[in-house]
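This is what each chain is made of:
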There are 2 protein chains.
Amino acid sequence: MPVGPSFGSSAVDEHPCDPNTLLREVEAFDAQFGIDAARLFPLDFSFTFLNHGSFGSTPHELLAEQARWRDELEARPIEFLGRRLPALLREAATSVARFVGTEPERLGFTVNATEGINAFLRSIAWQRGDEVVLLDQAYGAVRKSLLRLEHEFGVVVRDALVPLPVRAPREFIDAVDAATSPRTRLVLIDHVTSPTALVVPVAEIVSRARDRGIITLVDGAHAPGSIPLAIDEIGADGYAANLHKWCCAPKGVAILAVSSAWRSKVHPLATSHDYGRDFNAEFDWQGTRDPTAWLSAPAALRFFARFGWAAVRARNHALAAWSQSALCEMWGEEPISPLDGSMLASMAAIRVPERLARRHSTAAELQAWLYESHRIEIPVIDWGGLRHVRVSAHLHTKPQDVRRLGEVIESAARGS
Amino acid sequence: MPVGPSFGSSAVDEHPCDPNTLLREVEAFDAQFGIDAARLFPLDFSFTFLNHGSFGSTPHELLAEQARWRDELEARPIEFLGRRLPALLREAATSVARFVGTEPERLGFTVNATEGINAFLRSIAWQRGDEVVLLDQAYGAVRKSLLRLEHEFGVVVRDALVPLPVRAPREFIDAVDAATSPRTRLVLIDHVTSPTALVVPVAEIVSRARDRGIITLVDGAHAPGSIPLAIDEIGADGYAANLHKWCCAPKGVAILAVSSAWRSKVHPLATSHDYGRDFNAEFDWQGTRDPTAWLSAPAALRFFARFGWAAVRARNHALAAWSQSALCEMWGEEPISPLDGSMLASMAAIRVPERLARRHSTAAELQAWLYESHRIEIPVIDWGGLRHVRVSAHLHTKPQDVRRLGEVIESAARGS
C-alpha cells in the first residue's frame with residue numbers, strides 16, 4: 001500500500017475523526033517526548049511559523065551534522081570528493097532508498113524535486129503532438145517545465161480537472177481518465193498537491209496509465225516524511241521527491257527514483273564524466289559541488305526515527321486535520337476535502353472568509369498583511385476563484401499557532 | 001585585453017623569466033603579507049597539497065561567512081528564500097560580474113561550470129549534422145556533454161588538435177581554424193585547459209568564429225582568480241566559469257555569462273516558476289536549494305582583494321612558472337609550453353620522467369603511490385602518450401611543497 005490505512009482512498013468515509021481526539025493525539029505526542037521546538041529547530045519563534053511546507057526547517061542537530069561533513073571535505077578535498085564520495089553517496093542512498101521504499105541502485109540525488117522531474121522529462125524522446133496529462137492542481141514549476149517541452153518539442157499538456165471541494169480520492173482518478181487519450185505519452189501526477197495540500201491516489205492512477213502503455217512520473221515533492229511511502233509499490237517509471245521538506249534534511253536534498261526499465265534511459269540534467277556509464281555513477285558525480293546536504297540525509301531520517309516516523313507523521317497529520325476542522329468551524333467555511341482528514345498529509349488548505357479575502361486585492365497582499373501586521377508566516381493561495389491559507393504541521397508547530405491564525409483571521413473578517 | 005600582458009599571445013617570447021626571479025617574487029609576497037597557510041586554509045597540512053585546481057580550497061573565513069548566511073536562512077526560511085533572495089542574489093551577481101568583466105543582468109549562477117556549459121548547449125536548436133569544434137585538450141565532462149547531444153540530435157564533434165609541446169598560443173588558433181568547416185555551428189573553447197594547464201587565446205578564437213557566424217562558448221572553469229578576466233571583451237556568446245576553484249568560494253559557485261543576443265534564449269537546466277519571464281529571474285530561482293555558497297562569493301572576492309588580486313595572481317603564476325622550470329630542469333624533461341611561463345596561469349603540467357612512468361601501469365597508480373607512500377596530493381594525467389603531473393599554486397602552496405614533489409619523483413626515477 002503506497003498510502004497508509006488512514007490516508008487510503010477506501011478510508012475516506014470510515015474514519016471521521018473528532019477534532020478533540022486529534023488535538024489530544026498531538027498533545028500526547030508532544031508531552032511524551034517533551035518536544036521543545038526552540039531547542040530542536042533554529043526558527044525565529046518570534047514569528048508564528050505555519051509554512052513548513054515551502055522550504056522545510058532543518059533541526060540544529062542536522063545543521064551540525066552537515067558542518068561536520070563540510071569540515072571533513074575541506075581538510076582533504078581531493079580525498080573526499082575524488083575518492084571517498086562515491087561510496088559515501090551510495091551509503092546515503094541506501095539509507096534513503098530504504099526509507100522511501102525503493103532500491104539504492106535506482107535512486108539518484110538531485111537538488112530538488114523539480115530538478116528530478118526535469119531530468120526524467122529530458123530523458124524521453126518526445127514526438128510532436130505527444131500529450132502529457134497533468135492535474136490542474138499540479139505544481140507551477142512542473143507546469144512550466146512542460147511549457148518548455150511544448151516550445152521545444154511540440155508536447156501538448158492536458159489538464160485533469162478536479163474542482164474543489166474534493167469529496168473522494170476517486171475524483172482524481174476519474175479526472176486523469178477523462179484527460180487521457182490515445183496520444184497520451186506521459187501521466188505526471190502529484191502525490192500531495194501543492195496549492196491544495198491533498199493526497200492523490202497515485203498508485204491507482206499509475207496502475208491505470210501503465211495498463212494503457214503510458215509513461216508515469218510522480219511528483220512526490222511533499223511525500224517523504226509526511227505520508228508512508230513505498231515508491232516501488234506505486235510502480236511509476238519515475239518518482240521525484242524532496243527530503244528537505246518533511247524529512248527536514250538540509251536544503252538541497254531530493255531524489256529521483258526510476259524503474260528498472262528506465263534506469264538506463266535517465267540521465268541527470270548536467271552531463272559529466274560518467275555519461276553513459278551507469279545511472280548511479282552519473283547521478284553521484286554531476287560535477288564539483290557541495291555534497292554535504294545529501295550526505296546528511298541519513299542523519300535526518302535517524303533524527304525523527306527516535307520518535308518513530310509513523311508517530312511523527314500521525315502527530316503532524318492529526319494537527320493538520322484538526323486545523324482544517326477547527327478553522328473551518330471557526331470561520332464558517334466549507335472544507336475543500338473530507339473533514340475526517342482522510343485526504344490530508346501534514347498540511348491543510350482552508351478557505352479564507354470571503355469578507356477578509358475581499359479586503360486584499362491579491363493573495364500576496366493578504367500574506368504580507370499576516371506577516372507584517374501579525375508576524376504569522378503562512379502561504380495564501382488563490383484556487384478555483386477562492387482564497388485559501390495553507391497550514392503546515394511539523395514538530396515545531398503547536399495547536400496554539402493555529403488558534404492564533406484562526407483568531408487573527410476571524411477577528412479581521414468580523415471587523416471588516 | 002581579456003588576458004593580461006604577461007599571459008597574452010604577443011608576450012610569449014618577450015618575457016623570459018629567470019627561475020630565481022620568480023621564486024623571489026613568491027617569497028616577497030608571502031613575507032610582505034605574512035602568509036600563514038594553516039591559519040588561512042582548513043587543509044590538512046600533514047599532506048603536501050599540490051592540487052588546488054580540481055576543487056579549490058575555501059579559507060576558514062569564507063566558510064564562516066557561509067555559516068552566517070545559513071543561520072540567517074534557517075531563522076526565517078520563507079523570508080530569506082521567498083522574499084529577500086532575489087535582491088541578495090542580484091547583489092552577489094553585481095559583485096561577481098564586476099570581477100569577471102560583464103554585466104550582472106547577463107550573469108546567472110550555476111553549481112559548476114559544466115552545468116553552465118550544459119545550460120547553454122541545451123539552449124541551441126540543434127540540427128542533425130551540426131558540427132562543434134572542441135580542443136582535443138578540452139575538459140572530459142564537456143566532451144561527454146557533446147556526446148549526449150550527438151546521441152540526441154546528431155551533433156558532430158570536430159577536434160582541434162594541438163600536440164604537445166605547445167610553442168605559442170597561435171597553435172590553438174590554427175588548430176581551431178583547421179577544425180572549422182561550413183557546418184560548424186559552435187566553437188566551444190577552454191580558457192585554461194584542464195589536462196595540460198595552458199592558457200588559450202580565446203579572444204582571438206572567438207573573434208574569428210564570430211566573423212564566420214559561428215556560435216561561441218568558452219569553458220572558463222579555471223579562469224576567474226587565476227588570470228585577469230574581462231568576459232565582455234572576449235565577446236563570446238556564452239562564458240561559463242567556476243568561482244570555487246581559483247577564487248576559493250565555497251563549493252558550488254559557478255557562473256554562466258551570456259551576450260545580450262543570447263540573454264533571451266538561454267535557460268537554466270532545471271525549469272522552474274519563472275521560465276520565460278527573464279534570464280535573471282530564471283537563474284535566480286531554480287527551485288529550493290541552499291544559496292549560501294552563491295551569496296558568499298562576494299566575500300571570497302573581498303578576501304583576496306586585501307592582498308590585491310593582481311598580486312595574488314602574479315604570485316601564483318610565478319610559483320607555477322617556477323615549478324615548471326625547476327621540475328623540468330630537475331627531472332631533465334622538456335616543458336610542454338614555453339619555459340617563460342607565458343602560457344601558464346596558476347598551474348603547470350610537467351612530464352614525469354619516463355623511468356618512473358614505466359613503474360606504474362596507469363596514471364591513477366602513480367597518483368595513488370604519491371598520495372599513499374609520500375602524502376603528496378597531485379593529479380597525474382596521461383596526455384599525448386606521456387605521463388604528467390599538474391602542479392597547482394595558490395596562497396597555501398609553498399615552493400618547498402614543489403621541491404618535495406621534485407625530490408620524491410627524482411629519487412624514485414633514479415632508483416628504478
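Residues numbered from 1 in each chain as written. Chains lettered and ligands numbered in written order. Predicted model: local features only at pLDDT ≥ 70, side-chain atom pairs only at ≥ 80, totals over all residues. Heavy atoms only, no water.

1. Some remarks on the domain arrangement of chain A
Residue and element names in this part refer to chain A. Annotation of chain A at the domain level lists domain 1 (5-34 + 307-414) and domain 2 (63-302). Here the C-alpha centroids of domain 1 and domain 2 sit 27 Å apart. With 25 residues of domain 1 at the interface, the matching set in domain 2 holds 29 residues. Between domain 1 and domain 2, the buried area comes to about 2,400 Å², and carbon and sulfur atoms account for 68% of it. At the boundary of domain 1 and domain 2, one finds 1 salt bridge. (Domains from an automatic or database assignment. Contact = heavy atoms within 4.5 Å. Buried area = accessible area lost by both parts, 1.4 Å probe. Salt bridge = Lys/Arg side-chain N within 4 Å of Asp/Glu carboxyl O.)

2. Overview of the relation of the copies chain A and chain B
With an RMSD of 0.0 Å, chain A superimposes on chain B once it is rotated by 180° and translated 0.0 Å along the axis. Expressed as a symmetry operation, the mapping of one chain copy onto the other fits a two-fold axis. Considering only C-alpha atoms, the residue of chain A closest to the rotation axis is A:Leu269, which sits at 3.1 Å. The residues that chain A uses at the interface reappear at the interface of chain B in 100% of cases, marking a shared surface. (Least-squares fit on C-alpha atoms with pLDDT ≥ 70 in both.)

3. Let's talk about the sheet that holds strand 11 (residues 380-383) of chain B
Either a parallel or an antiparallel arrangement is found when strands of a sheet pair, and the pairing is made through backbone hydrogen bonds. Residues and elements named next belong to chain B. One open sheet accounts for 3 strands, arranged 9-12-11; its pairing is antiparallel. The sheet terminates laterally at strand 9 (347-351) and strand 11, the two strands that pair on one side only. Along the sheet, successive strands turn relative to each other by an average axial angle of 35°, direction set aside. Sheet analysis places strand 9 next to strand 12 (residues 386-392), joined by 5 bridges and oriented antiparallel. For alanine 349, the partnering residue across the bridge sits in strand 12 and is arginine 390. This element, helix 15 (residues 309-331), spans strand 9 and strand 12 of the sheet and lies at about 10° to strand 9. Across the face of the sheet, helix 17 (residues 363-374) comes into contact with strand 11 and strand 12 while running at roughly 160° to strand 11. (Pairing = 2+ DSSP bridges. Helix = DSSP H or I, 4+ residues; strand = E, 2+ residues; numbered from the N terminus. Axes fitted to C-alpha atoms, helices over the stretch in contact; angles between N-to-C directions.)

4. A word on the nonpolar core
In a soluble, globular protein the nonpolar side chains are often hidden away together inside. Judged by nonpolar contacts, the single largest core of 288 residues is most densely connected at A:Leu188, A:Leu405, B:Phe109, B:Leu188 and B:Leu405. In terms of residue count, the dominant contributor to this core is helix 5 (residues 77-100) of chain B (12 residues). Not counting residues up to four positions away in its chain, the partners in contact with B:Leu405 are B:Leu50, B:Leu327, B:Trp331, B:Ile376, B:Ile378, B:Val389 and B:Val391. (Core = buried A, V, L, I, M, F, W, Y, C linked by side-chain atoms within 4.5 Å. Buried < 20%, exposed > 50% of the residue type's maximum accessible area, 1.4 Å probe, protein only.)

5. Things to note about the pattern of salt bridges
Following the criterion strictly, the structure yields 58 salt bridges over all chains and no others. With a shortest N-O distance of 2.5 Å, A:Asp177 and A:Arg208 are connected by a salt bridge. Pair noted here: A:Asp177 is in helix 8 (residues 170-179) and A:Arg208 is in helix 9 (residues 202-211), with a separation of 31 residues, a long-range link. Between A:Arg289 and B:Glu115 there is a salt bridge, with its nearest N and O atoms 4.0 Å apart.

6. What to know about the pairing of strand 2 (residues 107-110) of chain B
Residue and element names in this part refer to chain B. Every second residue of strand 2 is oriented toward a common face, with Leu107 and Phe109 on one face and Gly108 and Thr110 on the other, all of them buried. Sheet analysis places strand 2 next to strand 8 (residues 254-258), joined by 4 bridges and oriented antiparallel. Within strand 8, the position partnered with phenylalanine 109 by the bridge is isoleucine 255.

7. A few points about helix 9 of chain A
Working note: α-helix, 3.6 residues per turn, so residues spaced by three or four point in the same direction. Residue and element names in this part refer to chain A. When helix 9 is considered as a whole, its buried residues turn out to be Val202, Ala203, Ile205, Val206 and Ala209. End-on view of helix 9: buried residues confined to an arc of 165°, all on one side of the axis. For helix 9, the elements touching its buried residues are helix 8, strand 5 (184-190), strand 6 (215-220) and helix 10 (231-234). One or two residues past the end of helix 9 sits glycine 213, with phi positive at roughly 75°. (Arc of directions from axis to C-beta.)

8. Some details on the interface of chain A and chain B
Of the residues lining the interface, 61 residues belong to chain A; the matching set on chain B comes to 61 residues. Of the roughly 5,200 Å² buried at the junction of chain A and chain B (both faces included), carbon and sulfur atoms supply 55%. Counting the surface chain A buries against chain B, the share from its top three residues, A:Phe55, A:Glu74 and A:Arg148, is 15%. At the boundary of chain A with chain B, the tally comes to 8 salt bridges. The interface formed by chain A and chain B holds 34 residue pairs in polar contact (both at pLDDT 80 or more) in total. Secondary structure elements with two or more residues in the side of chain A that touches chain B: helix 3 (52-55), helix 4 (60-75), helix 5 (77-100), helix 6 (113-121), helix 7 (140-153) and helix 17 (363-374) of chain A. In terms of residues, the side of chain A that touches chain B owes the most to one element, helix 7 of chain A, which gives 9 residues. Tallied by class, the residues present in the side of chain A that touches chain B amount to 22 nonpolar, 24 polar and 15 charged. (Polar contact = N/O pair within 3.5 Å; in protein donor to acceptor, adjacent residues only side chain to side chain. Nonpolar A, V, L, I, M, F, W, Y, C, P; charged D, E, K, R; others polar.)

9. Here we look at the side chain of B:Arg289
Along the chain, the position of B:Arg289 falls in the loop between helix 12 (279-284) and helix 13 (292-295). Ignoring anything within four residues of it in the chain, the contact list for B:Arg289 reads A:Val111, A:Glu115, A:Lys251, A:Gly252, B:Leu81, B:Val111 and B:Trp294.

10. Describing helix 17 of chain B
With 12 residues, helix 17 of chain B should cover 16 Å at 1.5 Å per step; its first-to-last C-alpha distance of 16 Å lies within 8% of that length. Within the span of helix 17 of chain B, buried status applies to B:Ala363, B:Leu366, B:Gln367, B:Trp369, B:Leu370 and B:Tyr371. In this structure, the buried side of helix 17 of chain B is in contact with helix 5 of chain A together with helix 16 (354-357), strand 10 (376-377), strand 11, strand 12 and helix 18 (399-415) of chain B. Just past helix 17 of chain B, the residue B:Arg375 takes up positive phi, approximately 50°. (Expected span 1.5 Å × (residues − 1).)

11. Details of the state of the cysteines
Applying the stated criterion across every chain, the model contains 0 disulfides over all chains. With no disulfide of its own, B:Cys247 lies closest to B:Cys248 among cysteine sulfurs, the gap being 7.4 Å. (Disulfide = S-S within 2.5 Å.)

12. Considerations on empty space enclosed by the protein
Applying the stated criterion to the full structure yields 14 cavities of 30 Å³ or more. Of the volumes computed, that of the largest cavity is approximately 260 Å³. Lining the largest cavity are 19 residues, with A:Val111, A:Asp290, B:Val111, B:Arg289 and B:Asp290 sitting closest to its centre. Residues of the lining of the largest cavity, tallied by class, amount to 6 nonpolar, 5 polar and 8 charged. In this model, the second largest cavity occupies a volume close to 80 Å³. A:Glu115, A:Leu269, A:Ala270, A:Gln286, A:Arg289, B:Glu115, B:Leu269, B:Ala270, B:Gln286 and B:Arg289 are the residues that line the second largest cavity. When the residues that make up the lining of the second largest cavity are grouped by side-chain class, the tally is 4 nonpolar, 2 polar and 4 charged. (1 Å grid on protein atoms, 1.4 Å probe; cavity = no way out; pocket = protein on both sides within 12 Å on 5 of 7 lines; lining within 4 Å. Points joined across faces, edges and corners; volume = space filled by probe spheres on them.)

13. Things to note about the sheet that holds strand 5 of chain A
Residues and elements named next belong to chain A. Strand order in the open sheet formed by 7 strands is 2-8-7-6-5-3-4, with mixed pairing between adjacent strands. Of all the strands in the sheet, the pair left with one neighbour each is strand 2 (107-110) and strand 4 (156-160). Across this sheet, the average inter-strand angle for adjacent strands is 20°, counted without regard to direction. Note: strand 7 (residues 238-242) against strand 8 (residues 254-258), 5 bridges, orientation antiparallel. Across the sheet, residue asparagine 242 finds its bridge partner in strand 8, namely alanine 254. Packing of helix 5 onto the sheet brings it into contact with strand 2 and strand 8, and relative to strand 2 it is tilted by some 105°. In the packing of helix 7 onto the sheet, contacts are made with strand 3 (131-135), strand 4, strand 5 and strand 6, and the angle to strand 3 comes to roughly 165°.

14. So, the pairing of strand 9 (residues 347-351) of chain A
Burial within strand 9 of chain A is extensive, with 5 of its 5 residues counted as buried. Residues of strand 9 of chain A alternate between two faces, with A:Met347, A:Ala349 and A:Arg351 on one and A:Ala348 and A:Ile350 on the opposite face, all of them buried.

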